[in-house]
Amino acid sequence: MIEINNKKTKFSHFVTKDEENFSLILNVKGIHCFNCIKQIEKSLYSYKEVVLARVNMTTERLQITWKGSRKLGDVFASHIIKLGYELKPFSHGNYSLINVKEQNSLIKYIAISAFSWGNLMMISVSLWSSNNFDMGPATKGFFYWLSSIIAIPAILYSGIPFFKSALYALKQLRTNMDVPISLAIILTTLMSFTETIQRGEHIYFDSALMLIFFLLIGRYLDIRAKDKAKESAKTLLSLLVGTATVLKGGKQHSIMINKLDKGDEVLISLGENVPADGIVKSGTSDIDVSIITGETIPQFIKEGDKVIAGTLNMTSPIIIVVTKRTKENLISEIVKSLENSESVKSKYTKLADQAARLYTPIVHILGVITFLIWYLFLDYSWQNALLHAVTVLIITCPCALGLAVPIVQVLANGSLMREGILLKRGSALEKLSNIDTVVFDKTGTITLGKPNLINKISKRNLKYAASLAVYSKHPLSRAISRIYNDKLFKVENLKEIPGQGLQGIINNKKVRLGKNDYNVNKAVSNSNVLQIWLSIEDSKPLLISFKDHIREDAIQVVKNIKAYGIKIILLSGDRYDTVKEVANILDIKEFYFSHSIDMKRKFLENLEIKGHKVLMVGDGLNDAPSLSQAYVSMSPSTAIDITQNAADIVFQGNKLKPIFKIFKMSRYSSFLIKQNFIMAVLYNFIAIPLAIIGYVTPLIAAIAMSCSSIVVIINSFRINFKKDI
Amino acid sequence: MSILLYILPLALFLGFIALLSFLWAIKNNQYDDLKGAAERILIDEDDR
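Notes on the structure follow. In this convention, every chain numbers its residues from 1, walking through the sequence in written order. To read the labels, note that chains go from A and ligands from 1, taken in the order they are written. With pLDDT at 70 or above as the cut-off, local features in this predicted model cover only qualifying residues; side-chain atom pairs require 80 or more to be listed or tallied, and sums for whole chains, interfaces and linings still use all residues. Each side-chain value is derived from all of the structure's non-hydrogen atoms; neither hydrogens nor water enter the calculation.

1. Side note on the overall build of chain B
Basically, it comes down to this: The way it works is that DSSP assigns letters per residue, a run of H or I at least four long becomes a helix, a run of E at least two long becomes a strand, and they are numbered from the N terminus. Exposed residues in this analysis have more than 50% of their type's maximum accessible area, buried residues have under 20%, and partly exposed residues fall in between, with area computed by a 1.4 Å probe over protein chains only. Each accessible area is a Shrake-Rupley estimate made with a 1.4 Å probe; only the visible protein chains count as cover when residues are assessed.
In terms of helices and strands, chain B carries 2 helices and 0 strands. Among the 48 residues that make up chain B, the fraction classed as buried is 23%. With the model as given, the accessible surface of chain B reaches about 3800 Å², and the carbon-plus-sulfur share is 66%.

Pasting the structure below:
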């Protein structure tokens, strides 16, 4: 009987020890409900050595702490594997967990600013609504002092993220958004404090704290989004965490994967991931390469063939010679290149940051000029002059400008989300409205990536096929199992022949399911069709054919996009005839075939150099680098994590229609964004001179600023009422 | 109005306690596994 073993990892390699306890952190797959939690924790607590066993459902991790010996780690792990859960040792690897700390400290800042701001408002509101008759100067003084006692420590503490970032920028002789923010916060606080001492009126602790509070929330959401992206890269690399079995001097040693060296001979048993890029030394097997190429058909490998780390050995044990160390292998390279292109991308898209470069110096100069005019030329007290200067800083606070883009994106995002479309990068919509070329991948993108039965097979024959198919992980076997879900025959003497198929005895008859090496040698006329043969003793072999269908609305969507004058290209790693057939059906003139990962990426790079703005739609890991190379990119939700992460937009469902919908949405939202920008700029043109002249107090400035933001928000809401998208 | 002298600091003090307990909760990993916590209440007996 063939069974896919859980990887024979030596979990004890990953055990850490503090003063008296050992502990082990494991990634657990298959925790769905409280019963799983209970089952795992309870079974672990039945060992009396266990001090702590705790499942974290959110991160799918299990922590075990125990006394005794290191070896127990393997005992616990195999116990949980027997319960039916898939385990991987959790290792920080090359990724540090600094961001978790960053998130937590941001929450602390948010909590403190929220608490103090709330309490401050309680006092401020009563101060605002009072007049000199019902609140005496003593009470007022008391309130102001109370405010400053709450506000000053809170501002100093929760403003730290902005001060730090501003200082960092200033040290490198450049400015960022945080410089004016920090300056406004510090000046407002200082002034409010001196006013409090002098029993003055200009006290605006609340505005300063409010600013901090809202900005912190924005920052927190930003970090969370980035972390999610990193998390999935980690999941991919976790394929390469664990131990490998190395053969040395005729003995088997278990070695951590990241310590594998060139020339090591590694034994890869059934169901194990290939731990490193290498060459097969002995044995034949089928390798599931879907994680790299998206290709559903396993590759048959023999001596001398190359294997790639992360792929899955499916049919029989093989021995490979390692050719590349873990850090140099293909998967690591892909993850690295993704991270690089990610940072390159954000560099030139952050519109707000671009504006900030221009905006900050202008605002500061305006503030200084205002101060000088009032102090030097008009002979005002420095407090009053400073007050006007701060008003200028506050009223130009780029909220309306800053909101113009994101608010439209948030709303568009929401309405797209309801349709099962996820915008992962804010800039995606904006960019999508400028595209002039769309590049499609074929398998899994234009087609569904799920083979379906196309010829007629009697139910009884299907039952024979399915009875064998359940024992194989071959995609066509899985397709058969998917189609047939009734009772199965009992199979005896089951054997899997690598690269050939399965055979077994059913009802005293020899039955085989696999390649067409049984006396029938018809050429396959249509390469889009996948075939598997079922031969039952004493009867003719039967052909079972599958086809990977084109998504039903693909033709219509391609036509619709073309109508906007956009060029469409089909780019595939598949063979010529397969690609050509699909291109013909969709009426796509330009198509490319047999493109490898790197060729695809270079192809997109070339398009970019030629000045094209390209939307790339793809789903395989081999598309990931191209997706991040492209100007803007999309992938279906059936794609693997790392590809979804490389993409700017992820869409769900069996249809391609979302692509066209997002495209139209992007055009309309870019129209709204332009309107918002015009309004925000107009507001600044009117408000700044008024503030410089001194017609505005900081409070009114704060209100005006909010109003400008509200107008922008209301305008943006029009996106929800647009019907024809 | 002199009641304000007591009541405002008192209100602040109570709020401050809430803030501290929130910070404690973060530090004590109470927010690490919200999904798990939601499921755990369904576990019947707790014999540890």
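Don't stop here, the text continues.
2. A closer look at the overall build of chain A
Note the following rule: Pairs of residues are marked as contacts when any of their non-hydrogen atoms sit within 4.5 Å.
Each helix and strand counted, chain A has 23 helices and 27 strands in total. Burial status across chain A gives 51% buried among its 725 residues. Nonlocal contacts in chain A, meaning residues at least 24 apart in sequence, comprise 67% of its contacts between residues at least 6 apart.

3. With respect to the interface of chain A and chain B
Spelled out, the test is: Here the quantity called buried area is the accessible surface, traced with a 1.4 Å probe, that two parts lose on coming together, added over both. Take a side-chain nitrogen of Lys or Arg and a carboxyl oxygen of Asp or Glu: if they are within 4 Å of each other, that pair is a salt bridge. Counting of polar contacts relies on pairs of N or O atoms within 3.5 Å, with two restrictions inside protein: one atom must be capable of donating a hydrogen and the other of accepting it, and residues adjacent in sequence are counted only when both atoms are side-chain atoms. Each residue gets one label: Ala, Val, Leu, Ile, Met, Phe, Trp, Tyr, Cys and Pro are nonpolar, Asp, Glu, Lys and Arg are charged, and the others, such as Gly, are polar.
Listed as interface residues are 26 residues of chain A and, on the opposing side, 22 residues of chain B. Buried area between chain A and chain B, summed over both chains or domains, comes out near 2300 Å², and the portion from carbon and sulfur atoms is 73%. Considering only the side of chain A, the residues that lose the most area to chain B are Phe34(A), Met57(A) and Phe115(A), jointly responsible for 24% of the buried surface there. There are 1 salt bridge connecting chain A and chain B. Here Glu41(A) ties to Arg40(B) by a salt bridge, and the two come within 2.7 Å at their closest N and O atoms. The tally of links between chain A and chain B comes to 3 residue pairs in polar contact (both at pLDDT 80 or more). Element by element, the count of residues in the side of chain A that touches chain B is highest for helix α3 (residues 98–129) of chain A, at 8 residues. A class-by-class count of the residues in the side of chain A that touches chain B yields 15 nonpolar, 6 polar and 5 charged.

4. Things to note about the nonpolar core
As a reminder of what qualifies: What makes a nonpolar core is a set of buried Ala, Val, Leu, Ile, Met, Phe, Trp, Tyr and Cys residues whose side-chain atoms join them at distances within 4.5 Å.
If you look at the biggest cluster of nonpolar residues, it comprises 43 residues, and the most contacted ones within it are Ile435(A), Val438(A), Phe440(A), Leu570(A), Leu615(A), Met634(A) and Ile659(A). If you tally residues by element for this core, the top one is helix α22 (residues 657–693) of chain A, at 8 residues. Apart from the residues within four sequence positions on either side, Leu615(A) is in contact with Leu432(A), Ile435(A), Thr437(A), Val438(A), Val439(A), Val632(A), Ser633(A), Met634(A) and Ile659(A). Tyr109(A), Ile181(A), Ile203(A) and Leu4(B) belong to the second largest nonpolar core, which has 36 residues in total.

5. Topic: the pairing of strand β19 (residues 501–506) of chain A
All names here are of chain A. The line we're drawing: Think of it this way: DSSP has to see at least two bridges between two strands before they count as a pair.
Most of β19 sits out of view: 5 of its 6 residues are buried. In this sheet, β19 lies alongside strand β18 (residues 492–497) in antiparallel orientation, the contact comprising 4 bridges. Paired with Glu492 across the two strands is Ile505, which belongs to β19. Across 6 bridges, the pairing between β19 and strand β20 (residues 509–514) is antiparallel. Note that in β20 the partner of Gln503 across the bridge is Arg512. Connecting the antiparallel pair β19 and β20 is a turn made up of 2 residues, with Asn507 showing a positive phi of about 50°.

6. Some words on a nonpolar patch on the surface
Residue and element names in this part refer to chain A. Definition in use: Patch rule: a residue counts if its relative accessible area is over 30% and it has no salt bridge; like charges are joined within 9 Å, and nonpolar side chains (Val, Leu, Ile, Met, Phe, Trp, Tyr) within 5 Å.
A cluster of nonpolar side chains, namely Ile365, Val368, Ile369, Leu372, Ile373, Tyr375, Leu376, Phe377, Leu378, Tyr380 and Trp382, defines an oily patch on the protein surface of about 1000 Å² accessible area. Of the residues forming the nonpolar patch, the biggest block, 8 residues, is contributed by helix α10 (residues 351–377). As for its position among the elements, Tyr375 is in helix α10.

7. Section: the pattern of salt bridges
Opposite charge on two side chains permits pairing when their charged atoms draw close. All names here are of chain A. Applying the stated criterion across every chain yields a total of 10 salt bridges over all chains. Between Lys281 and Glu265 there is a salt bridge, with the nearest N and O atoms lying 3.1 Å from each other. Residue Lys281 is located in strand β9 (residues 278–282), and its partner Glu265 is located in strand β8 (residues 265–268); the two are separated by 16 residues in the primary sequence. A relative accessible area of 43% means that Lys281 is categorised as partly exposed. With its nearest N and O atoms 3.8 Å apart, the salt bridge here joins Glu590 to Lys567. Placement of the pair is Glu590 in strand β24 (residues 590–592) and Lys567 in strand β23 (residues 567–571), with a sequence separation of 23 residues. Judged by relative accessible area, which is 35%, Lys567 ranks as partly exposed. Residues joined in a network through salt bridges with shared partners are Asp441, Lys600 and Asp623.

8. A look at the environment of Asn461(A)
Structurally, Asn461(A) is set in helix α15 (residues 459–469). In this structure Asn461(A) touches Leu534(A), Ile536(A) and Leu542(A), once residues within four positions along its chain are discounted.

9. Topic: the sheet that holds strand β25 (residues 614–617) of chain A
Residue and element names in this part refer to chain A. Our working rule: Here, axes are lines fitted to C-alpha atoms. For helices the fit covers the stretch in contact, and angles between N-to-C directions go from 0 to 180 degrees.
Across the sheet, 7 strands lie side by side as β15-β27-β26-β25-β16-β23-β24; this open sheet has mixed pairing. Both edges of this open sheet fall to β15 (421–423) and β24, since each of them pairs with a single strand only. This sheet shows a mean twist of 20° between the axes of neighbouring strands, independent of strand direction. Of the strands in this sheet, β23 and β24 are in contact with helix α18 (residues 576–586), which crosses β24 at around 155°.

10. Here we look at the sheet that holds strand β13 (residues 312–313) of chain A
All names here are of chain A. Taken in spatial order, the 3 strands make up an open sheet running β11-β10-β13, and their pairing is antiparallel. Looking along the sheet, the strands with just one partner apiece sit at the ends: β11 (299–301) and β13. Sheet topology places strand β10 (residues 285–288) next to β13; 2 bridges connect them, and they run antiparallel. Its bridge partner being in β13, Asp288 is matched across the sheet by Leu312.

11. Thoughts on unusual backbone geometry
Residues and elements named next belong to chain A. Positioned with a positive phi, Asn507 is a non-glycine residue whose angle comes to about 50°. Residue class for Asn507 comes out partly exposed when judged on its relative accessible area of 44%. One non-glycine residue, Ser594, lies in the positive phi region at around 50°. In this fold, Ser594 is placed in the loop between β24 and α19 (597–609).

12. Notes on the environment of Leu429(A)
All names here are of chain A. Note that Leu429 resides in helix α13 (residues 427–432). Taking relative accessible area as the criterion, Leu429 reaches 1% and is therefore assigned buried. In this structure the C-alpha to C-alpha distance between Leu429 and Ile649, which are 220 residues apart in sequence, comes to 8.9 Å. Beyond its immediate stretch of four places on either side in the chain, Leu429 contacts Ala412, Leu423, Ile662, Met665, Ser666 and Ser669.

13. Notes on α18(A)
Residues and elements named next belong to chain A. We apply this condition: In this description, one arc is meant: the one made by directions from the helix axis to the C-beta atoms.
All buried positions along α18 are accounted for by Thr578, Val579, Val582, Ala583 and Leu586. Seen end-on, α18 carries its buried residues on one side only, within an arc spanning 130°. Two residues or fewer after α18 comes Asp587, characterised by a positive phi angle close to 60°.

14. Re the side chain of His388(A)
Mapping His388(A) onto the fold places it in helix α11 (residues 382–395). Residues within four places of His388(A) in sequence aside, it is in contact with Thr370(A), Trp374(A), Ala691(A) and Gly694(A).

15. A short note on the packing of aromatic side chains
Two descriptors summarise a pair of aromatic rings, namely the distance from one centre to the other and the angle between the planes of the rings. Residues and elements named next belong to chain A. Heads up, the rule is: The criterion for an aromatic pair is that two Phe, Tyr or Trp rings (for Trp, the six-membered ring) have centres within 6.5 Å, with stacked assigned to planes under 30 degrees apart, edge-to-face to planes over 60 apart and tilted to the rest. Any Lys NZ or Arg CZ found within 6 Å of a ring centre and within 35 degrees of that ring's normal is scored as a charge over the ring.
All chains considered together, the criterion is met by 16 aromatic pairs over all chains. With a centroid separation of 4.9 Å and 85° between ring planes, the pair formed by Tyr564 and Phe663 is classed as edge-to-face. Of this pair, Tyr564 sits in the loop between α17 (554–562) and β23 while Phe663 sits in helix α22; the two residues are 99 residues apart in sequence, bridging distant segments of the chain. Here Tyr564 falls in the partly exposed class, since its relative accessible area comes to 37%. With a centroid separation of 4.7 Å and 55° between ring planes, the pair formed by Tyr592 and Phe603 is classed as tilted. With a gap of 11 residues between them, Tyr592 in strand β24 and Phe603 in helix α19 connect regions that are remote in the sequence. For Phe603, a relative accessible area of 13% puts it in the buried group. In this arrangement the basic side chain of Lys431 is found over the ring face of Tyr631, its NZ or CZ atom lying 5.3 Å from the centre.

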